[in-house]
Amino acid sequence: MESLWLVRGTADGGTEYVCFRPTRESVEMLEGFHLPPQMPLIKKRRWLNRSEALSCRQNLERSEGFRHGSALF
């Protein structure tokens, strides 16, 4: 079980990100912002069941402009 990162660039050169971290029973979802060299900012953290996480990921990719990316930190 690996983490999945979705990212999109911002006008100021930063990166908005969403990280899905699967656990045994659920998926931890982190939403945040990163503008190097500053520390990443986590805006939201929540736990979803696997079907909710898949639906959320698909919505972010289709409607919000997020793309798969490598881990930011």
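Residues numbered from 1 in each chain as written. Predicted model: local features only at pLDDT ≥ 70, side-chain atom pairs only at ≥ 80, totals over all residues. Heavy atoms only, no water.

Draft legend 1. Looking closely at the side chain of E31. With respect to the helices and strands, E31 occurs in strand β3 (residues 27–34). Of the side chains with opposite charge, R46 lies nearest to the buried E31, which makes no salt bridge, at 4.0 Å. With near-sequence residues (within four places) excluded, E31 lies in contact with Y17, V18, L41, I42, K43, K44 and R46. (Helix = DSSP H or I, 4+ residues; strand = E, 2+ residues; numbered from the N terminus. Buried < 20%, exposed > 50% of the residue type's maximum accessible area, 1.4 Å probe, protein only. Lys, Arg positive; Asp, Glu negative; His and termini not counted. Salt bridge = Lys/Arg side-chain N within 4 Å of Asp/Glu carboxyl O. Contact = heavy atoms within 4.5 Å.)

Draft legend 2. The sheet that holds strand β4 (residues 41–48), seen in detail. Taken in spatial order, the five strands of this open sheet run β4-β3-β2-β1-β5, and their pairing is antiparallel. If you trace the sheet from one side to the other, it starts and ends with β4 and β5 (67–69), each paired once. With strand direction ignored, the average angle separating the axes of adjacent strands in the sheet is 25°. As paired strands, strand β1 (residues 4–9) and strand β2 (residues 15–22) are joined by six bridges and run antiparallel to one another. Each residue of the ladder has a partner; that of R8, found in β2, is E16. On top of the sheet, helix α1 (residues 50–63) reaches β1, β2, β3, β4 and β5; it is set at about 160° to β2, its chief contact. (Pairing = 2+ DSSP bridges. Axes fitted to C-alpha atoms, helices over the stretch in contact; angles between N-to-C directions.)

Draft legend 3. Structural view of the layout of surface pockets. Roughly 170 Å³ of internal volume is contained in the largest pocket. Elements with a contribution of two residues or more to the lining of the largest pocket: β2 and α1. Per-element accounting of the lining of the largest pocket gives the leading share, four residues, to α1. (1 Å grid on protein atoms, 1.4 Å probe; cavity = no way out; pocket = protein on both sides within 12 Å on 5 of 7 lines; lining within 4 Å. Points joined across faces, edges and corners; volume = space filled by probe spheres on them.)

Draft legend 4. Molecular detail of the environment of G69. In this structure, G69 sits in strand β5. G69 sits 50 residues away from C19 along the chain, and the two C-alpha atoms are 9.8 Å apart. Apart from the residues lying within four places of it in its own chain, the contact partners of G69 are W5 and V7.

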